[in-house]
Protein chains: 2
Amino acid sequence: MKRKSFAAVTSQQVAQLAGVSQSAVSRSFTPGASISPATREKVLKAARELGYRPNAIARSLNTARSRIIGVVVSYFENQFYPQVLETLARKLDTLNYHLLLFVGDRDGNVDRIFDQIMQYRVDGIVLASVSLSLDLSEECLAAGIPVVLFNRSEESGMASSVNSNNEAAARQIAEFFVAAEHQRYAYVGGVADSSVNIARQRGYLAALHEHGIDDVRVVNGDYETQQTIRAAYSLFSTGPVPDAIFVANDHMALTVMDVARYEFGLHIPETLSVIGYDDTGPSGWPSYALTSVSQPVQEMVDAAVELLMKQIESGTIEPEQIIVPGILVVRHSTRRPRNGVIEKEGVSLFQPQEVK
Amino acid sequence: MKRKSFAAVTSQQVAQLAGVSQSAVSRSFTPGASISPATREKVLKAARELGYRPNAIARSLNTARSRIIGVVVSYFENQFYPQVLETLARKLDTLNYHLLLFVGDRDGNVDRIFDQIMQYRVDGIVLASVSLSLDLSEECLAAGIPVVLFNRSEESGMASSVNSNNEAAARQIAEFFVAAEHQRYAYVGGVADSSVNIARQRGYLAALHEHGIDDVRVVNGDYETQQTIRAAYSLFSTGPVPDAIFVANDHMALTVMDVARYEFGLHIPETLSVIGYDDTGPSGWPSYALTSVSQPVQEMVDAAVELLMKQIESGTIEPEQIIVPGILVVRHSTRRPRNGVIEKEGVSLFQPQEVK
DNA sequence: GTGAAAGCGCTAACAC
DNA sequence: GTGTTAGCGCTTTCAC
């Protein structure tokens, strides 16, 4: 089984076989181009015979559109992102766009891979859990390449972003804990200066403050398992054990639950309530049944792609910040408040009467 | 904030600014090309000033090498695949290749997206948990595009593949169960005709058979959560409850554990031992502590990429089937045999004396 | 070592 | 509706 690789079939060869010009072939494969059904048939027949497929690379070169979206993800352990990736790939596929995947550094910086992305002349960029330096934002803007930050935002407003309402949802988490009459509050954060962490922490602390609660222990898990384990240890081994912990995302929250149960023998939710953020796969598994804010992946992806498409088609970049509401899904990792939890389509949600 | 998108900088513009020919610019960006350091400096300076980046699309067009590898994944819920994807993307990046991601259909068929892949003139294809029809295999072979099946194989031998030693590992699982004196055996399979499922089931049943055990209940979870739940129900609600279950992958095994514990109140491992395959993230979490065959993702990815590179560089396709050994990692979802479990670098492995 | 020139496979005016 | 032609931005001979 040995064979030299052959050059692929070109439109020229198809044209020859079909007895038409090369441009007729091109037109036969361009939706909406002016070509007679008869010619088109001849061309398609010849193409089929030769196994011809238009060369997307060549097309890209003179349309100046690659139909490729560069996507950077740096946090695969958090199931939320694979889910985003899958949804995004499917969505782009329906629009006949394609997804060039890059893996970001651990620290969530893209500068190193930015060159690579730009060399492929992508039509747009999605950064999931990754930030873009100001320089690069400017460069994209100058180059006319739309960028969407996914689950992250930046202050400059030079790039678009799609997020859930982190701060409001975090406030609701605080309200939930308070309604269930918890006493000792804690927060396990992610990378301290990530926009999402900042918003969630701020909302949580602010709402607690409004209830006169200012003694909140804050530790940091850095979105990373080992660090989260350390954070959880410090939380449980010194001082009074908290009975209400909001963890900045589910991935860390599950780790916190495991440490609480298996290292410290704590009972959830009897002595300790835990809430996460993302509502991703394992959170719904009965072993965890984690109360969590559900980020609507499909809506967020749709919004991101729509933003991208609008900017690509118009050739104009007008950054927009989109906020999609998340919902607090109540499961069994938390003590329940007497009021405010409602049942809807088989899941329990927290919706207190008074809207903030 | 509104700006028209501008055409990107071209090598022609850089040449003009540097006062050299356009080909000098090209050579400056081609490693190993014959160019004097002086000229190169001038060019790089001009390039920096203009923010020039070589256009990979244009380059691809006349080198007939896209430096893009098409990757198809269809099973994101199984953490194993995101992990593979991340590892693969990092590996390709170090070789200056790029990853065009496609999502396969639920049924693991790629025919629909095959056109898309081929249009981008990828230099190679990785199919993870996805099969390729014979027609398409032939087409790739004819087009000189190397294909590697990852965690799947096919009989025709027209495509390369990388797998762990499914059958041998499955035999070892049987030996493990038998050594711990289990009585009632079961197997929860994946998609019935997937190569991996066939090999695992065959190895497991064959080894049990050699021990005189032929009464093994076989149900099917289809690699899919809902179906796995149904399979587990049927396993636990009719006939005597098995005390030894091998589940074809971890993703399904965790579901089986949850159903056993939370729907049927069964105790693991006291009344029931469960073993999975993949040893992916959640399996190591203390809530599950699933005994599982560890697939060495890094080695498997390295092997896949190496295969690809060899074929790309030689321009010759010689399919190879690579088998990477997996290791049975023993945790707490199983009763332990008296002998054969050894400790190594902090993990417990099963390595019976007699090698089969 | 360097520039001129051809051409990779295609799209998009432009005439007819 | 169709063929002719001129590029898209680059790499790669080929002379010099």
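All values derive from a computational prediction rather than experimental measurement.

(A) Molecular detail of the protein's contact with DNA strand D. Taken together, 25 residues lie near DNA strand D, and Thr39(A), Asn62(A), Ser11(B), Ser26(B) and Asn62(B) sit nearest. Ser36(A) places a polar main-chain atom, nitrogen or oxygen, 2.8 Å from a phosphate oxygen of DNA strand D. One of the backbone N or O atoms of Ser11(B) is found 2.4 Å from a phosphate oxygen in DNA strand D. For the surface near DNA strand D, the secondary structure elements donating two or more residues are α2 (22–28) and α4 (56–63) of chain A together with α2 (22–28) and α4 (56–63) of chain B. Its residues assigned to classes, the surface near DNA strand D comprises seven nonpolar, 14 polar and four charged.

(B) Here's a closer look at unusual backbone geometry. Residue and element names in this part refer to chain A. Cis rather than trans, the peptide bond between Ile268 and Pro269 has omega equal to 5°. Here Pro269 lies in the loop between α11 (250–262) and β9 (273–278). Phi angles above zero are rare outside glycine, and Asn151 is one such case at about 60°. Summarising the element assignment, Asn151 is placed in the loop between β4 (147–150) and β5 (160–164).

(C) Examining the sheet that holds strand β10 (residues 291–294) of chain B more closely. Residues and elements named next belong to chain B. In spatial order, the strands read β7-β6-β8-β9-β10-β12-β14-β13; together these eight strands make up an open sheet with mixed pairing. Strand pairing shows two members of the sheet lacking a second neighbour, β7 (216–220) and β13 (341–344), which therefore form its edges. Strand-to-strand twist in this sheet, taken as the mean axis angle between neighbours without regard to direction, amounts to 25°. Bridge analysis of β13 against strand β14 (residues 347–350) gives four bridges, and the strand direction is antiparallel. Bridged to Ile342 within β14 is Leu349. Contacts from helix α10 (residues 225–237) reach β6 (185–189), β7 and β8 (244–247), with the element oriented near 155° to β7.

(D) Here's a closer look at the packing of helix α5 (residues 80–94) of chain A against helix α12 (residues 297–314) of chain A. Residues and elements named next belong to chain A. In the contact formed by α5 and α12, the axes pass within 9 Å of each other and the chain directions differ by 50°. Judged by the inter-axis angle, α5 sits oblique to α12. Crossing geometry of α5 relative to α12 is assigned as right-handed. Residues Phe80, Gln83, Val84, Thr87, Leu88, Lys91 and Leu92 of α5 form the contact with α12, whose own contacting residues are Val297, Gln298, Val301, Asp302, Val305 and Met309. Here the residues of the contact of α5 with α12 are counted per class, giving eight nonpolar, three polar and two charged.

(E) Region of interest: the environment of Asp250(A). Residues and elements named next belong to chain A. Locating Asp250 in the fold gives a position in helix α11. When its relative accessible area of 0% is taken as the criterion, Asp250 is described as buried. Taking C-alpha positions, Asp250 is 8.6 Å from Pro282, a pair spaced 32 residues apart along the chain. Those residues in contact with Asp250, other than ones at most four positions away along the chain, are Gly276, Tyr277, Asp278, Asp279, Thr280, Ser283, Leu290 and Ser292. In this structure the side chain of Asp250 is engaged in a polar contact, spanning 3.2 Å, whose partner is the backbone nitrogen of Thr280. A polar contact of 2.8 Å, which involves the side chain of Asp250, links it to the side chain of Ser292.

(F) The arrangement of the UniProt feature "domain: HTH lacI-type" (unreviewed entry) in chain A in detail. Summarizing the sequence annotation, UniProt attributes the feature "domain: HTH lacI-type" (unreviewed entry) to residues 9–63 of chain A in the numbering used throughout. Annotated as 67% helix and 0% strand, the span residues 9–63 of chain A places its first and last C-alpha atoms 21 Å apart.

(G) Expanded view of the pairing of strand β14 (residues 347–350) of chain A. All names here are of chain A. Of the strand pairs in this sheet, strand β12 (residues 327–330) and β14 are connected by two bridges, and their pairing is antiparallel. Bridge pairing in β14 places Val329 opposite Leu349. Hairpin connection, strand β13 (residues 341–344) to β14: the antiparallel pair is bridged by two residues, and Glu345 has positive phi, about 50°.

(H) Expanded view of the sheet that holds strand β11 (residues 321–324) of chain A. Judged by pairing direction, the sheet is mixed, and its twelve strands sit side by side in the order β11(A)-β5(A)-β4(A)-β3(A)-β1(A)-β2(A)-β2(B)-β1(B)-β3(B)-β4(B)-β5(B)-β11(B) without closing on themselves. Every other strand in the sheet has two partners, leaving β11 of chain A together with β11 (321–324) of chain B as the edge strands with one partner each. On average, adjacent strands in this sheet sit at an angle of 20° to one another, irrespective of strand direction. Here strand β2 (residues 98–103) of chain A pairs with strand β2 (residues 98–103) of chain B via three bridges, running antiparallel. Among the inter-strand pairings, Leu100(A) is bridged to a residue of β2(B), identified as Leu100(B).

(I) Local environment of the relation of the copies chain B and chain A. Mapping chain B onto chain A calls for a screw motion: a turn of 180° about the axis and a shift of 0.1 Å along it, with 0.1 Å RMSD after fitting. The superposition operator between the copies reduces to a two-fold rotation axis. The C-alpha atom lying nearest the rotation axis in chain B is that of Leu100(B); the distance is 2.2 Å. Of the interface residues in chain B, 100% have counterparts in chain A that sit at the interface too, so the contact is made through matching surfaces.

(J) Main features of empty space enclosed by the protein. Residues and elements named next belong to chain A. This model, assessed by the stated rule, comprises four cavities of 30 Å³ or more. Within this model, the largest cavity holds a volume of roughly 60 Å³. Every residue lining the largest cavity is listed: Leu132, Ser137, Cys140, Leu141, Ile145, Pro146, Val147, Met158, Ala159, Ser160, Gln311 and Ile317. Looking at which element gives the most residues to the lining of the largest cavity, the answer is helix α7 (residues 134–143), with three residues. Along the lines of polarity and charge, the residues of the lining of the largest cavity split into nine nonpolar, three polar and no charged.

(K) Representation of the protein's contact with DNA strand C within the structure. Around DNA strand C sit 25 residues in total, of which Ser11(A), Ser26(A), Asn62(A), Arg27(B) and Thr39(B) are the nearest. Side-chain polar atom of Ser34(B) to a phosphate oxygen of DNA strand C: 3.4 Å apart, as the coordinates give it. Mapped by element, the contributors of at least two residues to the surface near DNA strand C are α2 and α4 of chain A together with α2 and α4 of chain B. Across the surface near DNA strand C, the residue classes break down as seven nonpolar, 14 polar and four charged.

(L) Region of interest: the nonpolar core. If you look at the biggest cluster of nonpolar residues, it comprises 159 residues, and the most contacted ones within it are Leu85(A), Tyr204(A), Phe236(A), Leu85(B), Tyr204(B) and Phe236(B). Here Tyr204(B) is in contact with Ala170(B), Arg171(B), Ile173(B), Ala174(B), Phe177(B), Tyr185(B), Ala186(B), Tyr187(B), Val216(B), Ala244(B) and Phe246(B), once residues within four sequence places are set aside. Judged by nonpolar contacts, the second largest core, of 44 residues, contains Ile68(A), Phe114(A), Met118(A) and Leu100(B).

The rules behind each value
- Residues numbered from 1 in each chain as written.
- Chains lettered and ligands numbered in written order.
- Predicted model: local features only at pLDDT ≥ 70, side-chain atom pairs only at ≥ 80, totals over all residues.
- Heavy atoms only, no water.
- Near = heavy atom within 4 Å.
- Polar contact = N/O pair within 3.5 Å; in protein donor to acceptor, adjacent residues only side chain to side chain.
- Helix = DSSP H or I, 4+ residues; strand = E, 2+ residues; numbered from the N terminus.
- Nonpolar A, V, L, I, M, F, W, Y, C, P; charged D, E, K, R; others polar.
- Pairing = 2+ DSSP bridges.
- Axes fitted to C-alpha atoms, helices over the stretch in contact; angles between N-to-C directions.
- Contact = heavy atoms within 4.5 Å.
- Parallel < 35°, antiparallel > 145°, perpendicular 65-115°, else oblique.
- Left-handed = near helix turned anticlockwise from the far one by under 90°.
- Buried < 20%, exposed > 50% of the residue type's maximum accessible area, 1.4 Å probe, protein only.
- UniProt positions renumbered as here; feature names shortened; annotations may be inferred.
- Least-squares fit on C-alpha atoms with pLDDT ≥ 70 in both.
- 1 Å grid on protein atoms, 1.4 Å probe; cavity = no way out; pocket = protein on both sides within 12 Å on 5 of 7 lines; lining within 4 Å.
- Points joined across faces, edges and corners; volume = space filled by probe spheres on them.
- Core = buried A, V, L, I, M, F, W, Y, C linked by side-chain atoms within 4.5 Å.

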